[in-house]
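An overview of the molecular structure
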Amino acid sequence: MKHFLFLLFITFATIGFSQTKPIFYVDKIKEFDSIAKPSPTNDLSKYFRRKIDANLLDNYKINEFDENQNHIYLAFKLSKEDKAVSIRVISPYSELNKSIADAFLNFDISKLNIRDKSPLNIYMLQILSRDGDKMIFNCSTNIIYDCYPVYEGCESNTSYSQMKSCFNKLLEDHIANNISPVVVKKAKVLGAIILKPEFIINEKGVVELKPIKNPKDSLTIELNRVITLLPNAITPPLRNGNPTRINFKGSVGLQIDSDNEKYVADVIKSKDSTLNPNSELALHFKKFIGDEQLKKIDFPFNTKNIRLHFSIDKKGKVINSKTTSKNKILNSNLVEIFKNFPIEKLNINSTNVLESYNYTIISNAYPVNVIQCNDKPDVYIAPCYDKHCEKSDSSEELMECFNERISAYISKSFDTSVRSKTNLTGDIRIYCSFQVDVDTKIINVKVKAPNPSIANEMEEMLKDMPSVYKPAYLNGVAIKSSYTIPVTFQLGDNIPEDPFKSLNKRVNRN
């Protein structure tokens, strides 16, 4: 592979039965059911029904858009002493997951009649399934045990985890050794890129491609070609000792370097950018940051720019300057350099103190970092909750007013009686996300909480929140804006009347 160096790593890779919430095809669900024979009246269902608080299921909210949530599974491995270990359950509610896992720890697994006890297997039981508009205990009568396909070089592995790691390493090496430099060159790419392989390993241990939602660009097509060249497995994937089909879905990070100067120049030239390396602001930063310092600036994987944010007060003075760099020293250095730039050269004529401005300063135009700026700043105004917030004296004060109003609404409107529907105590973390639409309505509310009753109450309350006074604006155009609120909710004895220990003082803009 002359002129190219490929550095590749799997950032996320799962085989269908390798995670607690398996990714099944429709026929795989039928296959699972035909072996597991789930029943709401078998001994395991009766056992969990006795052990699990009914409120956790009575208030379970069905996700109509996620068919994977129609079935909830428990997965575990066996220790050398044939004890259940690495028990995992994945439902939307961590309290339910923990309750099921804790109950299973006290279940006599000899009653499961496991025929093949091996550290090479992962064992699965269906615990819950959808029945109309609710979830019920509909547990497996027979246990499912799955085994990874065995590839050449992995035969000596003695555990499920080792077999999984060996397969991932084999896949990494296979892609790095077989991807075509010619295709890479035609695609004009350098630096970090993400590829998303999806394929099936069938009953014969042979790879079959799946339809991919990604655009059919040349690199995706090349990835598919490389995947089809993956050697056949020595032993196919097995389910309860019989050959089966599994789904692989992963994310591959590929770092592409080149020592071909002409190719590097062509790649940089081909990039479509509105950024100007010769703007007055860019030339100002170049006076203080040399090539050697630029080379030392690290960008997180797949991050392309460092941006500068600031506001202007009523006297036309720059305030609240900061950058998107996570490096505190670099951030401080960039802000100090910016303070020496004459504000009048930015040609910002607006006197609206609610506006915040941002410029791109440094770009990861691989293989070199470059200083280049947009000629005009992007101008953002946060949503305005009410007329009182509109009187804010700065963009940060406007956002702080929005935060305070949201926090006050939650504290006032949340029905605290919901605490009686959970056995949790202490500080409970809840994550709420929502959007403010261009017509000022609150939309797309989603809540993640350990308990379904708490999640449902918070979600309904946010959905009932009145429209805000004004939406967010970007460059003078109303836009849909997204926010996340982490909330700490206190449960247990001797807590204040207001259970919200620390409604965060900052609503995070997504």
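Use the structure listed above.
Let me begin by describing the structure that accompanies this report. What you see is a predicted model; the values in this text were computed from it and never measured.

For helix H7 (residues 218-228), the set of buried residues is Leu219, Thr220, Glu222, Leu223, Asn224, Val226 and Ile227. On its buried face, H7 sits against helix H5 (160-178), helix H6 (181-187), strand S7 (191-195), strand S8 (198-201) and strand S9 (207-209).

Here we take up the packing of helix H9 (residues 280-288) against helix H11 (residues 328-339). How two helices sit against one another is set out by the angle between their axes and by the gap between those axes. Remark: H9 packs on H11, axes separated minimally by 10 Å, with the N-to-C direction vectors making an angle of 120°. Classified by the angle between their axes, H9 and H11 sit oblique to one another. You can see that H9 and H11 cross each other, and the crossing is right-handed. From H9, Leu281, His284, Phe285 and Phe288 reach across to H11, where they touch Leu334, Ile337 and Phe338.

A surface patch of positive charge is lined by Lys46, Arg49, Arg50, Lys51 and Lys111. With respect to the helices, strands and loops of the structure, Arg50 is situated in helix H2 (residues 43-51). Given a relative accessible area of 63%, Arg50 falls into the exposed group.

Applying the stated rule across the entire model yields 18 salt bridges. Asp173 serves as the salt-bridge partner of Lys169, at 2.8 Å between the closest nitrogen and oxygen. Pair noted here: Lys169 and Asp173 are both in helix H5, with a separation of 4 residues, about one helical turn. We note a salt bridge from Glu459 to Lys463, for which the minimum N-O separation is 3.1 Å. Of this pair, Glu459 and Lys463 both sit in helix H13 (residues 452-463), 4 residues apart, which is roughly one turn of that helix. Several salt bridges converge on common partners, so that one network encompasses Lys61, Glu459, Glu460 and Lys463.

Right, let's talk about the packing of aromatic side chains for a bit. One pass over the full model with this rule turns up 21 aromatic pairs. With a centroid separation of 5.3 Å and an interplanar angle of 45°, the aromatic rings of Tyr151 and Phe167 are classed as tilted. Separated by 16 residues along the polypeptide, Tyr151 in the loop between strand S6 (144-147) and H5 and Phe167 in helix H5 bring together distant segments of the chain. Accessibility expressed as a relative area gives 1% for Tyr151, which makes it buried. Classification of Phe167 by relative accessible area gives buried; the value is 1%. Residues Phe310 and Phe338 carry aromatic rings whose centres are separated by 4.9 Å and whose planes lie at 40° to one another, so their mutual orientation is tilted. Residue Phe310 is located in strand S14 (residues 305-312), and its partner Phe338 is located in helix H11; the two are separated by 28 residues in the primary sequence. Across the pair, Phe338 and Phe310 agree in class, each one buried.

This structure, assessed with the given rule, holds 2 disulfides. A sulfur-sulfur separation of 2.0 Å characterises the disulfide bridge that pairs Cys389 with Cys401. Taking the sign of the S-S torsion, -80° for the link of Cys389 and Cys401, the bridge is left-handed. Here Cys389 is found in the loop between strand S19 (378-381) and helix H12 (395-413), whereas its partner Cys401 is found in helix H12, with 12 residues between them in sequence. Here Cys389 matches Cys401 in class, with each residue buried. Looking at the protein chain, its bonded cysteines, counted consecutively from the start of the sequence, adopt the pairing 1-2, 3-4.

Moving on: the nonpolar core. One finds Phe48, Phe76 and Phe104 to be the most contacted residues of the largest nonpolar core, which totals 72 residues. The element contributing the most residues to this core is H12, with 7 residues. Other than its neighbours up to four places away in sequence, Phe48 contacts Ile100, Ala103, Phe104, Ile127, Phe137 and Cys139. In terms of nonpolar packing, the next biggest core, distinct from the first, is built from 42 residues, Val150, Val189, Ile227 and Val264 among them.

We now examine the pairing of S19. Looking at chain direction, strand S16 (residues 356-363) and S19 are connected through 3 bridges and run antiparallel. Along S19, the bridge assignment pairs Ser356 with Tyr380. In this sheet, strand S22 (residues 472-474) lies alongside S19 in antiparallel orientation, the contact comprising 2 bridges. For Tyr380, the partnering residue across the bridge sits in S22 and is Leu474.

What follows concerns the environment of Lys315. Residue position: Lys315 is located in the loop between S14 and strand S15 (318-323). Residues Lys315 and Thr351, spaced 36 residues apart in sequence, show a C-alpha to C-alpha distance of 8.8 Å.

Thresholds applied
- Residues numbered from 1 in each chain as written.
- Predicted model: local features only at pLDDT ≥ 70, side-chain atom pairs only at ≥ 80, totals over all residues.
- Heavy atoms only, no water.
- Buried < 20%, exposed > 50% of the residue type's maximum accessible area, 1.4 Å probe, protein only.
- Helix = DSSP H or I, 4+ residues; strand = E, 2+ residues; numbered from the N terminus.
- Contact = heavy atoms within 4.5 Å.
- Axes fitted to C-alpha atoms, helices over the stretch in contact; angles between N-to-C directions.
- Parallel < 35°, antiparallel > 145°, perpendicular 65-115°, else oblique.
- Left-handed = near helix turned anticlockwise from the far one by under 90°.
- Patch = residues over 30% accessible without salt bridge, like charges linked within 9 Å, V, L, I, M, F, W, Y side chains within 5 Å.
- Areas by Shrake-Rupley, 256 points an atom, 1.4 Å probe, with all protein chains shown as cover.
- Salt bridge = Lys/Arg side-chain N within 4 Å of Asp/Glu carboxyl O.
- Lys, Arg positive; Asp, Glu negative; His and termini not counted.
- Charge placed at Lys NZ, Arg CZ, Asp CG, Glu CD.
- Phe/Tyr/Trp six-rings, centres within 6.5 Å; stacked < 30°, edge-to-face > 60°.
- Disulfide = S-S within 2.5 Å.
- Core = buried A, V, L, I, M, F, W, Y, C linked by side-chain atoms within 4.5 Å.
- Pairing = 2+ DSSP bridges.

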